[in-house]
Amino acid sequence: MTTTPPETNPPARRLVRYRPSPDAPEVRIEYADQGAGPVVCILPSLARSGRDYDTVAEFLQQDGFRVLRPEPRGIGRSEGPMHGLDLHDFAADVAAVLDAERTGAVVVVGHAWGSQPARMLAADRPDLVCGVVMAAASAGKLPPGSTEQPYGRLRDAIDGAGDPSLPEAHRLECLRRAFFAPGHDPSAWLEGWSVAAHEAQSHARRTTPVDAYFSAGTQVPILDLQAEHDAVVVPNVMQPYLGDRVTVQVIRDAGHALAPEQPRAMADAIAAFARRVYAAATAASPASA
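What counts, and at which threshold
Residues numbered from 1 in each chain as written. Predicted model: local features only at pLDDT ≥ 70, side-chain atom pairs only at ≥ 80, totals over all residues. Heavy atoms only, no water. Salt bridge = Lys/Arg side-chain N within 4 Å of Asp/Glu carboxyl O. Buried < 20%, exposed > 50% of the residue type's maximum accessible area, 1.4 Å probe, protein only. Axes fitted to C-alpha atoms, helices over the stretch in contact; angles between N-to-C directions. Helix = DSSP H or I, 4+ residues; strand = E, 2+ residues; numbered from the N terminus. Parallel < 35°, antiparallel > 145°, perpendicular 65-115°, else oblique. Contact = heavy atoms within 4.5 Å. Nonpolar A, V, L, I, M, F, W, Y, C, P; charged D, E, K, R; others polar. Phe/Tyr/Trp six-rings, centres within 6.5 Å; stacked < 30°, edge-to-face > 60°. Lys NZ or Arg CZ within 6 Å of the ring centre and 35° of its normal.

Engineer: Which residues make up the pattern of salt bridges, and what values go with them?
Structural biologist: Counted by the stated rule, this structure contains 21 salt bridges. One salt bridge connects R153 with E148, and the closest N-O pair in it is separated by 3.0 Å. Relative accessible area serves as the criterion here: at 28%, R153 is assigned to the partly exposed category.

Below, the structure written as structure tokens:
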């Protein structure tokens, strides 16, 4: 949890403005942009900021990638309507960033809740996604015969961790239970929660049919990047449904938070997957024929 990345240039922080329709209110999305090379776009966990991946992004930059990190509405300078949203809306916010930067198809990393707009983006805008990393991410479905509820594990601890009205000791216990591997200090995530984002994102998950985003469209490869001690995620759901499109990899000594626990291992897994995806895309392009 104290891994130090090589020294890199700090990210530029930019702002894109767009209207989902001509008569809709303006949406503003802040994003971090750093590095040069093939693009990796990282979407954060429920009610959290892209700043959680500062160290991961620095490793990826050092490894030759350009990293974009859009902030969800309600976090940083990202602003827009917060009520009645679905996952199509959150995916459109990410699309606005990629369109503004003219990236073409990129590898999108969705950590935990972030995998939902990542997969939604792949379904809605396949021109913008060539691969998806589900990092410590619940699938939204369950193995055949399971009696659990999708997204149901440790709901009280997930919600309590970011509730500022609760005592700090209680929140730390919630963080230990839901987010961090045994022996890891959960205090790294005491701060950085957005109540408004939590409510809007939870509503979007509840109201968007899972089949709209579950499979991330029909073609892109998926890395199911699991954390060894993830108490929230039901593991090994994606591959039985989607077969060879899905590669499974496990990060040892990490819980649901993943990024503050094992940033080097997380970055290495993303980088290796992204290299394979971009190499395959290059090989398949008409120019390489």
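The rest of the description comes next.
Engineer: Lay out the packing of helix α2 (residues 87-101) against helix α3 (residues 115-124) with the relevant residues and their values.
Structural biologist: As a packed pair, α2 and α3 sit with axes 8 Å apart at the nearest point and diverge in direction by 75°. As far as their axial angle goes, α3 and α2 are roughly perpendicular. Between α2, through L87, H88, F90, A91, V94, A95 and L98, and α3, the contact on the second element is made entirely by Q116, P117, M120, L121 and D124. For the contact of α2 with α3, the class distribution of residues is 9 nonpolar, 2 polar and 1 charged.

Engineer: Outline the packing of aromatic side chains, listing residues and values.
Structural biologist: One pass over the structure, following the stated rule, counts 6 aromatic pairs. Look at F90 and W113: their rings are 5.2 Å apart centre to centre, the planes differ by 85°, and that puts the pair in the edge-to-face class. Of the two residues, F90 sits in helix α2 while W113 sits in the loop between β5 (106-111) and α3, which places them 23 residues apart along the sequence. As far as the burial class goes, F90 and W113 line up, both buried. Taking the centre distance of 6.1 Å and the plane angle of 90° together, the rings of F180 and W189 count as edge-to-face. With a relative accessible area of 2%, W189 lands in the buried category. Taken together, the ring pairs connect F179, F180, W189 and W193 into an aromatic cluster. Lying over the aromatic face of W193, R48 brings its terminal NZ or CZ to 4.7 Å of the ring centre. A cation over an aromatic ring shows up here: K141 above the ring of F214, its NZ or CZ 4.7 Å from the ring centre.

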